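Observations on chain architecture
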Amino acid sequence: MLATAAAPAEAGEKSTPLVHLAEIAPGIRSEIRYAGADNFTGARVPGYDAAECLLRRSVAEALARVAQDLAAHDPPLALIVYDCYRPVRAVAAFVAFARDASAGDKSYFPRLAKRDLLRGGYIAARSGHSRGIAVDLTLALASNLGTAKPTPPSAPPAPCTAEKRARTSDHGVDMGTGFDCFDERSHAGHGDLTAEQTRWRRVLAAAMARRGFEGYAREWWHFSYPAADDGRSFDVPVGPR
C-alpha cells in the first residue's frame, strides 16, 4: 500500500486518462481481489464495481511489453494482476478498516496487530494506485493458465506466510507469501526464502524494471511506473468495459 503524495481526486469518468488493460493486453490474466471477498477486508471494497484492471494508457502499454518479454522466457511465463487503478474511496476504506478492531481476515497479517498495519506502512492514506500508475501482480507459468482455477484450501484459511499449497492459491508461482500478506516475508529482499522463491521474485523484478517499472521494498507484488505520474488521483469507480 505504497504511501505517496497525491493531488486531489478528480470527478467524472471523462476526466480520467484510464483505460482497460484488457483492451491493450488481453493476454494478461486479471484476478482483481478487491472486486470480491477474497481479500484482507473479507468483502468487496467500495469503488470496485467490476473485476477489471484500469491503468493509464502508457502504463498499460508498458505492462504489455513486460508480458511479451516474459512470453519468450524459458519456460514461457505470464502475468496475473491483482489490483491496478484503485479509487480514492477504496483507499479511504482501507484506512477505516485498519482503524476498526472488529473486522478483517487475520490470515493476511498473522504476526501483526491490526493497528500496526498503518504504523508499519502496509496501509496508507494515499496511494499511487489512485493515480493509475501502480499495479499489483505476480508471475505464472503460461502453461498453467489454461487449467481450472485451483480449489482453495478448506476454512479457516492458512496464514499468508504458510507454504503455497496450504493457503488460498491461484495459478501464480511460489513467491514465498500470498498477495497482500502484511508481513516481513513479503519484503522484496527478504532473506528467509527458498532458492526458488528468491529466483521468481528476481525474475519478476527484473522484467518489470526492464520496461520502466519500479518496485516497492515492502511488497514483492507492487510496482509503479513513474514516467506516467502527473500527480493526479481519481475517484471514479472501477467499471466494466
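Report on the accompanying structure. Every chain is numbered independently, its residues counted from 1 as its sequence is written. Selection of residues for local features in this predicted model requires a pLDDT of at least 70, selection of side-chain atom pairs for listing and counting requires 80 or more, and totals for whole chains, interfaces and linings are taken over all residues. Working from all heavy atoms in the structure, the side-chain values ignore hydrogens and water.

So, about the pattern of salt bridges. It is possible for side chains bearing opposite charge to pair when their charged atoms get close. By definition here, a salt bridge exists when the distance from a side-chain nitrogen of Lys or Arg to a carboxyl oxygen of Asp or Glu is within 4 Å. For the coordinates displayed, the defined rule picks out 16 salt bridges. Linking Arg89 and Asp235 is a salt bridge whose minimum nitrogen-to-oxygen distance equals 3.1 Å. Taken together, the residues span a long stretch of sequence, with Arg89 in helix H3 (residues 88-99) and Asp235 in the segment after strand E9 (233-234) at a distance of 146 residues. Buried means the residue's accessible area, taken with a 1.4 Å probe over protein chains only, is under 20% of the maximum for its type, while exposed means over 50%, and partly exposed covers the values in between. We classify Arg89 as partly exposed; its relative accessible area is 34%. Helix and strand definitions follow DSSP, with helices as H or I runs of at least four residues and strands as E runs of at least two, each counted in order from the N terminus.

Moving on, we get to the state of the cysteines. Two cysteine sulfurs form what is called a disulfide whenever their separation falls within 2.5 Å. This structure, assessed with the given rule, holds two disulfides. Across a sulfur-sulfur distance of 2.0 Å, Cys53 and Cys84 are joined as a disulfide pair. Across the S-S bond of Cys53 and Cys84 the torsion is about -100°, and the bridge reads as left-handed. Here Cys53 is found in the loop between strand E3 (29-30) and strand E4 (54-56), whereas its partner Cys84 is found in the loop between strand E5 (77-83) and H3, with 31 residues between them in sequence. Here Cys53 and Cys84 have matching classes, each one buried. In the protein chain, the cysteines engaged in disulfides, taken in order along the sequence, are linked 1-2, 3-4.

Taken in spatial order, the five strands make up an open sheet running E3-E5-E6-E8-E7, and their pairing is mixed. Strand pairing shows two members of the sheet lacking a second neighbour, E3 and strand E7 (214-216), which therefore form its edges. By this definition, two strands are paired if DSSP reports at least two bridges between them. Judged from the six bridges that link them, E5 and strand E6 (residues 134-141) form a sheet pairing that is antiparallel. Along E6, the bridge assignment pairs Asp83 with Asp136. Packing against the sheet, helix H2 (residues 57-71) makes contact with E5 and E6, and its axis sits at approximately 145° to E5. Contacts are assigned to residue pairs with any non-hydrogen atoms lying within 4.5 Å of each other. In this analysis, axes come from line fits to C-alpha atoms, helices being fitted only over the stretch in contact, and the angle between any two N-to-C directions falls in the range 0 to 180 degrees.

A large share of strand E8 (residues 219-224) lies buried, amounting to six of its six residues. Relative to E8, E6 is paired through three bridges, and the arrangement is antiparallel. In the sheet register, Val135 faces E8, and the bridge partner there is Phe223. Linking two consecutive strands that pair antiparallel, namely E7 and E8, is a turn of two residues.

Okay, helix H5 (residues 195-210) next. Expected span of a helix, by definition, is 1.5 Å for each gap between consecutive residues, and there is one gap fewer than residues. The end-to-end C-alpha distance of H5 is 22 Å, a good match for the 22 Å that 16 residues give at a rise of 1.5 Å each. All of the buried residues in H5 are Gln197, Trp200, Arg201, Val203, Leu204, Ala207 and Met208. Seen end-on, H5 carries its buried residues on one side only, within an arc spanning 155°. What points out from H5, more than 90 degrees from its buried face, is the exposed set Ala195, Arg202 and Arg210. Each element contacted by the buried residues of H5 is listed here: H2, E5, E6 and E8. Positive backbone phi, at 95°, marks Gly212, one or two positions downstream of H5. For this quantity, the arc is that covered by the directions from the helix axis to the C-beta atoms.

This part takes up the packing of aromatic side chains. For Phe, Tyr and Trp, where Trp contributes only its six-membered ring, two rings pair if their centres lie within 6.5 Å, and the inter-plane angle classes them as stacked under 30 degrees, edge-to-face over 60, or tilted in between. Across all of its chains, the model carries 13 aromatic pairs by this definition. Ring geometry for Phe179 versus Trp221: centroids 5.6 Å apart, planes at 80°, classification edge-to-face. Linking Phe179 in the loop between E6 and H5 with Trp221 in strand E8, this pair joins segments that are 42 residues apart in sequence. For the pair Phe179 and Trp221, a shared accessibility class is recorded, and that class is buried. Note on Phe213 and Tyr225: the rings are 5.0 Å apart at their centroids and 50° apart in plane angle, and the pair reads as tilted. A residue pair is termed long-range when its members are at least 10 positions apart, and Phe213 in the loop between H5 and E7 and Tyr225 in the loop between E8 and E9 qualify at twelve residues. On the basis of relative accessibility, which here comes to 4%, the residue Phe213 falls in the buried class. Ring pairs connect the aromatic residues Tyr34, Phe40, Tyr48, Tyr82, Phe94, Phe97, Phe109, Tyr122, Phe179, Phe182, Trp220 and Trp221, which therefore count as one cluster.

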